[in-house]
There are 2 protein chains.
Amino acid sequence: MNTAELTELAQQLRVDSVRAAAAAGSGHPTSSMSAADLVAVLIARHFRYDFDRPAHPGNDRFVLSKGHASPLLYSAYKAVGAVDDDELLSFRKLGSRLEGHPTPRRLPWVETATGSLGQGLPVGVGIALSGKRLERSGYRVWVLCGDSELAEGSVWEAAEHAAYEHLDNLTAIVDVNRLGQRGPTRHGHDLDAYARRFQAFGWHTIEVDGHDVDAIDRAYGEAASTVGQPTAILARTLKGKGVEAVQDREGLHGKPLPDADEAIAELGGPRDIRVQVQEPPAARMLHAVRAGHYEAPRWDKGEEVATRNAFGEALAALGSGRGDVVALDGEVGDSTRTEAFAKEHAERYFECYIAEQEMVAAAVGLAARGWVPYACTFAAFLTRAHDFVRMASISGAGINLVGSHAGVAIGQDGPSQMGLEDLAMMRAVHGSTVLYPCDANQTAQLVAAMAGCEGVRYLRTSRGESPVIYGPDEDFPIGGSKVLRSSADDRLTLVAAGVTVHEALAAADALERDGIRARVVDLYSVKPVDRLTLRRAAEETGCLVTVEDHHEEGGLGDAVLDAFLDGRPVPRLVRLAVRGMPGSASPDEQLHAAGIDAESIAAAGKLLVEEAVVS
Amino acid sequence: MNTAELTELAQQLRVDSVRAAAAAGSGHPTSSMSAADLVAVLIARHFRYDFDRPAHPGNDRFVLSKGHASPLLYSAYKAVGAVDDDELLSFRKLGSRLEGHPTPRRLPWVETATGSLGQGLPVGVGIALSGKRLERSGYRVWVLCGDSELAEGSVWEAAEHAAYEHLDNLTAIVDVNRLGQRGPTRHGHDLDAYARRFQAFGWHTIEVDGHDVDAIDRAYGEAASTVGQPTAILARTLKGKGVEAVQDREGLHGKPLPDADEAIAELGGPRDIRVQVQEPPAARMLHAVRAGHYEAPRWDKGEEVATRNAFGEALAALGSGRGDVVALDGEVGDSTRTEAFAKEHAERYFECYIAEQEMVAAAVGLAARGWVPYACTFAAFLTRAHDFVRMASISGAGINLVGSHAGVAIGQDGPSQMGLEDLAMMRAVHGSTVLYPCDANQTAQLVAAMAGCEGVRYLRTSRGESPVIYGPDEDFPIGGSKVLRSSADDRLTLVAAGVTVHEALAAADALERDGIRARVVDLYSVKPVDRLTLRRAAEETGCLVTVEDHHEEGGLGDAVLDAFLDGRPVPRLVRLAVRGMPGSASPDEQLHAAGIDAESIAAAGKLLVEEAVVS
């Protein structure tokens, strides 16, 4: 395509963006119009992609980091023949694949769900990492960013990560249209301001008029031929470009054009230009070895082992068995114990330093390329990446998150380091799996099993040692539980997980000395939860005490109630959890102060049984 | 103090850091030793502070962003006479004020809780904003950062914010000791790498040998006299400085020294140098007008008003009544409706652009200075700041967070913009208050009431219009609820909040047509929850249906169960919530698809009542 044809194509993308938003009665046409030239040149001259084979290993990858510009993306899909005009006009309607913000759950050409700003580039880094370090494929990753979203710190975590890894297969195209949602951005059209920042972080930068198709073409060529560092193209554009009534004007973000017909006429009317996208180069399919044998590490009953240590050993072993397992860590691998994996599988280990958002985003990008990532840090610090976990679930990304140092049981370090909200956060993620093992052999089994789940999976590990209570050949199905104590005379059930399992067992001993038999359930699968076992326990024992090293909201106690929320009678329940704000103290002192140690459990259990008798 | 004396003081801080960690058997002495000269020069020559009057308005403010270096902070407190040696040696023990990471809940000289890295500087920006823009006081904010934590994106959100606001009262002192927890940082001792980044973001930078007390002294002087921009001092240091066995060595993060006695001898033994900290300059006390009259906006019953609109008007009115109320927004003020406040109280409005972490951190900093901040964005995007909210609760910070665009009811924009995890996130925050109004007058009352709560308070608002159902003079106490329908014949109770209140009322009408009387409870106070009303409803009607525009975990349904988790009999319960992954559709279609509209509620209620009859 020559200059005139590229310009025509860009106008078509504008017209179709206006039409789609008009048909929907909502959407972001002005944010699409600013970037139309950028996308037109990309798809017509540089993007290599087989739309019939989105899984082709040689395909370039495109990420719309400014996800609200979906009308532009969908108009480009139409231009390349991937969707037809009828589907384009189904934009934002019930059942349409063309959602307000693009998601890979609906569209095979979308790499990751966007719509929360500042996430596309971080995920793009993960994809580029796969291309460069794992697949060693020649594909290029193009990420279209907005200028507003450069205010997100996650963008600079990504910038740092990409430059450090010399990702010259990655290009960030920044649509500097000067206007955010509510008004001008901090830097307006000062392209230098952005260029200085990217350069300082180690990127090659190119400043360009984002409506000059030839200049854009040259910039893409320069980006593709830049070696050793990623490229950021800073493109000066006008929001609503091409339609006088909206061009470069405030107050028009996220609204259909006031007069779509007039705008379309001003843009030269509809066109029907078809783009022949370049074929991707031949590339070998990624043959990650999924079928390898996992030789789980084994511990003898009675050994004292921290579940984080068991996790580390198990992950290293899983990496030996499966070639598709990769690990990431937020610079605490000596605490989470991913260091074992790093030592044995250095080529599949990604040090993300203290940048949890980028760590989770990179995991999403790696998962998009077929890898099975385990991203690990302290449970408390996974809260830093909450929005990324949320978006991962919208993507349907299969990622494993591992949070160590759960709960008050970590002891002296104090509340800033204690995961006390992580179960609530992870349970509320759509379609998630939440696991919380209490011993080493159980951990080793769950580490491997979680890889087989859909969606976001979370494993919670503990800092301190605990005795091994299960044999190495025991099974721990996801959605199951283990009844550790049971008799026909049980008068209550203690439901625990992780560190509180050991406290519950000691409490059961104490209660038995008082003549009260207690059932003990190890609820290692917090979500999905083992409804049948819990219901049976409720029916047979009448009373339930749940005990967890977590705040009282959203954790184990609430998970147990899931078993009873279909209108059936609910048992008498007492929930023990961390209600105060801990300070520094030893692990035992912490458990006692929080009222979740054996003594507290026994006292609560006794009281509950006595009350049940009275009433 | 001259050079020799400053050097001696720094050695004392090292010795005391080693002693404190040795007494505790844990802690971070090596991270303290690298920064000892930096802190010695600061307290002896530049810091202006009255330790007897931490509330003195002229006091400089110090934030230990690398919170794990608490032994250094506490050793400095000892050197200035704020704590004695016995207390120093209580470090990390049960009941001690000297926790593993410092918190203002325990120590009056601590501005904000740290320990989650990359948060001190963002909060420091909030404090400096108060000094510069609100208090117009001459105090200086000094933030001691680690080099590792510069990998956190939040640091660059803060850098951007500080430079944009020309915070020349802010100095970041970066202890570049080259070593993170698990090994070398990305940039080692390359001070230029950090300086380039800060400069690109608009900061003045100074590179210095962090063990040369005279050079440090000059750097602080230069920082204090720099006008128009914040200063970053990049200090080259050695971790574990002064003790050969640990100095500049890997693998010694977060551990007491292997031989404390030998280390203390090598450092020249204990000293007892007392530092006379400079007096703060006279400054007027901040007289924020708390007692002003709040003239709540009023709406007539039957009007159609979005609760986000009511929030915007109410916040502007509250700002008129109270001079201590300030507002922050993540560049979506036209959506959250903080724009009304921005228009009327521009001097107390802080545009944070799309940087939610920095927005919440700045709110924490402003609260530390006595302001009552309201920080607002889409509910979905508050997840971005989860770790900051968590740390705010550890600080005991009184901040108001407002999340708009709650739930599937937003319609076409799709799941990336829907707050569906926010209630779970906010409920699990220690000591939080969670409010979710359903009409305009209720919103207006709660906006003012939440300012009076302790800790983190959250208000959830809706995008779409809903009818005003309460009069403008009705009271809505926090911890209360409203029974909207009630009779002696009620056979079930519908518990709803926000948008689902209106659906529940319609469902009650439908059920009544089927001969089933249903009570309707508006549970606007999700936490604390109105246990008495819920228990009475359970006793009198037997069956409860909870219905919420939120994922099923951690939200309204779980909040209702709080009323029954003390061992008392629990009612039959059905929980209606968003279980699938929404796409794009109209608000009504979304509510129906999620099974939380009037029709779904009525169907569930009918089934529950029928089952209760059968069983």
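Fair warning: this is a prediction, and the values are worked out from it, not measured in the lab. (Residues numbered from 1 in each chain as written. Chains lettered and ligands numbered in written order. Predicted model: local features only at pLDDT ≥ 70, side-chain atom pairs only at ≥ 80, totals over all residues. Heavy atoms only, no water.)

S.K.: Residues and numbers for the nonpolar core, please.
M.R.: Grouped together as the largest cluster of nonpolar side chains are 292 residues, with contacts concentrated most on W203, Y374 and L494 of chain A together with W203, Y374 and L494 of chain B. Counting residues in hydrophobic clusters, the runner-up holds 51 residues, among them A10, Y49, L73 and A219 of chain B. (Core = buried A, V, L, I, M, F, W, Y, C linked by side-chain atoms within 4.5 Å. Buried < 20%, exposed > 50% of the residue type's maximum accessible area, 1.4 Å probe, protein only.)

S.K.: Please set out the UniProt feature "domain: Transketolase-like pyrimidine-binding" (unreviewed entry) in chain A residue by residue, giving values where relevant.
M.R.: Here the UniProt-annotated "domain: Transketolase-like pyrimidine-binding" (unreviewed entry) positions come out as residues 305–468 of chain A. The distance from the first to the last C-alpha atom of residues 305–468 of chain A is 7 Å, and the span holds 42% helix and 21% strand. (UniProt positions renumbered as here; feature names shortened; annotations may be inferred. Helix = DSSP H or I, 4+ residues; strand = E, 2+ residues; numbered from the N terminus.)

S.K.: Tell me about the pattern of salt bridges, and name the residues and values.
M.R.: Residues and elements named next belong to chain B. Applying the stated criterion across every chain yields a total of 78 salt bridges over all chains. The salt bridge involving R178 is made with D248; its shortest N-O contact spans 2.8 Å. Residue R178 is located in the loop between β3 (170–176) and α8 (191–200), and its partner D248 is located in the loop between β5 (231–236) and α10 (260–266); the two are separated by 70 residues in the primary sequence. For K606, the salt bridge is made with D514, and the minimal N-O distance between the two is 3.5 Å. Of this pair, K606 sits in helix α23 (residues 598–614) while D514 sits in the loop between α19 (499–513) and β16 (518–522), placing them 92 residues apart in sequence. Judged by relative accessible area, D514 falls into the partly exposed class, the value being 47%. (Salt bridge = Lys/Arg side-chain N within 4 Å of Asp/Glu carboxyl O.)

S.K.: Just give me the short version of the side chain of S525 of chain B, but keep the residues and values in it.
M.R.: Residue and element names in this part refer to chain B. Relative to the elements of secondary structure, S525 occurs in strand β17 (residues 525–527). A polar contact of 2.8 Å, which involves the side chain of S525, links it to the backbone nitrogen of G479. When residues no more than four places from it in sequence are discounted, the contact partners of S525 are V434, L435, I478, G479 and G480. (Polar contact = N/O pair within 3.5 Å; in protein donor to acceptor, adjacent residues only side chain to side chain. Contact = heavy atoms within 4.5 Å.)

S.K.: Lay out helix α6 (residues 120–135) of chain B with the relevant residues and their values.
M.R.: Burial of α6 of chain B is extensive: 14 of the 16 residues sit out of reach of the surface. R136 of chain B lies just past α6 of chain B and shows a positive phi near 50°.

S.K.: Give me the packing of helix α1 (residues 3–24) of chain A against helix α3 (residues 36–46) of chain A: which residues, what numbers.
M.R.: Residue and element names in this part refer to chain A. Following both chains from N to C, one finds α1 and α3 inclined at 120°, their axes separated by 8 Å at the closest point. Compared by their axis directions, α1 and α3 come out oblique. Helix-helix and strand crossings are classified by hand; for α1 and α3 the assignment is right-handed. Residues L6, L9, A10, L13 and R14 of α1 form the contact with α3, whose own contacting residues are A36, D37, V39, A40, V41, I43, A44 and R45. For the contact of α1 with α3, a count of residues per class yields 10 nonpolar, no polar and three charged. (Axes fitted to C-alpha atoms, helices over the stretch in contact; angles between N-to-C directions. Parallel < 35°, antiparallel > 145°, perpendicular 65-115°, else oblique. Left-handed = near helix turned anticlockwise from the far one by under 90°. Nonpolar A, V, L, I, M, F, W, Y, C, P; charged D, E, K, R; others polar.)

S.K.: How would you explain the domain arrangement of chain A if you had to name every residue and give the values?
M.R.: Residue and element names in this part refer to chain A. For chain A, the assigned domains read domain 1 (3–266), domain 2 (304–467) and domain 3 (482–614). Every contact between the two is made by 29 residues of domain 1 and, on the other side, 30 residues of domain 2. Summed over both sides, the interface between domain 1 and domain 2 buries roughly 2,300 Å², with carbon and sulfur atoms accounting for 56% of that surface. At the surface where domain 1 touches domain 2, the tally comes to one salt bridge. Our count for the contact surface shared by domain 1 and domain 2 stands at 13 residue pairs in polar contact (both at pLDDT 80 or more). Ranked by residue count, the leading element in the side of domain 1 that touches domain 2 is helix α6 (residues 120–135), at 10 residues. (Domains from an automatic or database assignment. Buried area = accessible area lost by both parts, 1.4 Å probe.)

S.K.: Account for the interface of chain A and chain B, naming residues and giving values.
M.R.: It is common to report an interface's size as the accessible area lost on association of the parts. Contacts between chain A and chain B engage 103 residues on the former and 103 residues on the latter. Here chain A packs against chain B, burying approximately 8,700 Å² in sum over the two surfaces, 50% of which is carbon and sulfur. In this assembly, chain A and chain B are joined by 16 salt bridges. Salt-bridge contacts for D387 of chain B lead to R384 of chain A; the nearest nitrogen and oxygen are separated by 2.9 Å. One can count 55 residue pairs in polar contact (both at pLDDT 80 or more) joining chain A with chain B. Residue composition of the side of chain A that touches chain B, grouped by class: 35 nonpolar, 35 polar and 33 charged.

S.K.: Account for the relation of the copies chain A and chain B, with residues named and values stated.
M.R.: When chain A is fitted to chain B, the residual RMSD is 0.0 Å, and the transformation amounts to a turn of 180° plus an axial shift of 0.0 Å. The two molecules are tied by a two-fold rotation axis, judged by turn and shift. Considering only C-alpha atoms, the part of chain A nearest the rotation axis is G153 of chain A, at 1.8 Å. Both copies share a contact surface, since 100% of the interface residues of chain A are interface residues in chain B too. (Least-squares fit on C-alpha atoms with pLDDT ≥ 70 in both.)

S.K.: Mind laying out unusual backbone geometry, listing which residues take part and the relevant values?
M.R.: Residue and element names in this part refer to chain A. For the peptide bond that leads from K527 to P528, omega is -5°, which places it in the cis range. Topologically, P528 is positioned in the loop between β17 (525–527) and α20 (531–541). One non-glycine residue, R92, adopts positive backbone phi at about 70°. Mapped onto the elements, R92 comes out in the loop between α5 (85–88) and α6.

S.K.: Before we move on, can you summarise the sheet that holds strand β15 (residues 492–496) of chain A with the specific residues and values?
M.R.: All names here are of chain A. Strand order in the open sheet formed by five strands is β14-β16-β15-β18-β19, with mixed pairing between adjacent strands. In this open sheet, the two edge strands, each paired with only one partner strand, are β14 (482–485) and β19 (572–578). For this sheet, the mean inter-axis angle between neighbouring strands, taken without regard to orientation, is 25°. Relative to strand β18 (residues 543–551), β15 runs parallel, the two being bridged by four bridges. Directly across from L494, in β18, lies its bridge partner V545. Sitting on the sheet, helix α19 (residues 499–513) touches β14, β15, β16 (518–522) and β18, and the angle it makes with β15 is about 160°. Packed on one face of the sheet, α20 meets β14, β15, β16 and β18 and runs near 170° to β16. (Pairing = 2+ DSSP bridges.)

S.K.: Just give me the short version of a negative patch on the surface, but keep the residues and values in it.
M.R.: A cluster of acidic residues, D259, D261, E262 and E266 of chain A, forms a negative patch at the surface. With relative accessibility at 62%, the residue D261 of chain A sits in the exposed group. (Patch = residues over 30% accessible without salt bridge, like charges linked within 9 Å, V, L, I, M, F, W, Y side chains within 5 Å. Areas by Shrake-Rupley, 256 points an atom, 1.4 Å probe, with all protein chains shown as cover. Lys, Arg positive; Asp, Glu negative; His and termini not counted. Charge placed at Lys NZ, Arg CZ, Asp CG, Glu CD.)

S.K.: An account of the sheet that holds strand β5 (residues 231–236) of chain A is needed here, citing residue identities and associated values.
M.R.: Strands pair in a sheet through their backbones, by hydrogen bonds, and they do so in one of two ways: parallel or antiparallel. Residues and elements named next belong to chain A. The sheet built from five strands is open, its strands ordered β1-β2-β3-β5-β4 with parallel pairing. Of all the strands in the sheet, the pair left with one neighbour each is β1 (61–64) and β4 (204–209). Each neighbouring strand pair of the sheet contributes to a mean axis angle of 20°, computed without reference to strand direction. As defined by bridge partners, strand β2 (residues 141–146) adjoins strand β3 (residues 170–176) across six bridges and the pair is classed as parallel. Bridged to V141 within β3 is L170. Helix-sheet contacts for α3 involve β1, β2, β3 and β5, and the interaxial angle to β2 is about 175°.

S.K.: Residues and numbers for the packing of α3 of chain A against helix α9 (residues 213–225) of chain A, please.
M.R.: In a packed pair of helices, the relevant descriptors are the angle between the two axes and the axis-to-axis distance. All names here are of chain A. Their axes nearest at 9 Å, the elements α3 and α9 cross at an angle of 55°. One element, α3, and the other, α9, form an angle in the oblique class. Seen from above, α3 lies across α9 with right-handed handedness. Between α3, through D37, L38, V41, L42, R45 and H46, and α9, the contact on the second element is made entirely by V213, I216, D217, Y220 and G221. When the residues that make up the contact of α3 with α9 are grouped by side-chain class, the tally is six nonpolar, two polar and three charged.

S.K.: Requested: an account of the pairing of β15 of chain A, with residues and values cited.
M.R.: All names here are of chain A. Within β15, five of the five residues are buried, which leaves the element mostly enclosed by the surrounding structure. Here β15 shows two buried faces, one formed by L492, L494 and A496 and the other by T493 and V495. In this structure, β15 lies alongside β16, joined through five bridges in parallel fashion. Bridging across to β16, V495 finds its partner in V521. Following the backbone out of β15, through α19 and into the adjacent parallel β16, one traces a crossover that is right-handed. (Right-handed = clockwise from strand over helix to strand, strands pointing away.)

S.K.: Tell me about the environment of Q417 of chain B, and please be specific about residues and values.
M.R.: Mapping Q417 of chain B onto the fold places it in the loop between β10 (400–404) and α17 (422–427). In the structure, Q417 of chain B is positioned 69 residues away from R348 of chain B in sequence and 28 Å away in space, judged by C-alpha atoms. With residues near it in sequence (within four places) discarded, Q417 of chain B still touches H101, G115 and S116 of chain A together with F378, A380, F381, H405 and I410 of chain B. In terms of polar contacts, Q417 of chain B uses its side chain to reach the side chain of H101 of chain A, at 3.3 Å.

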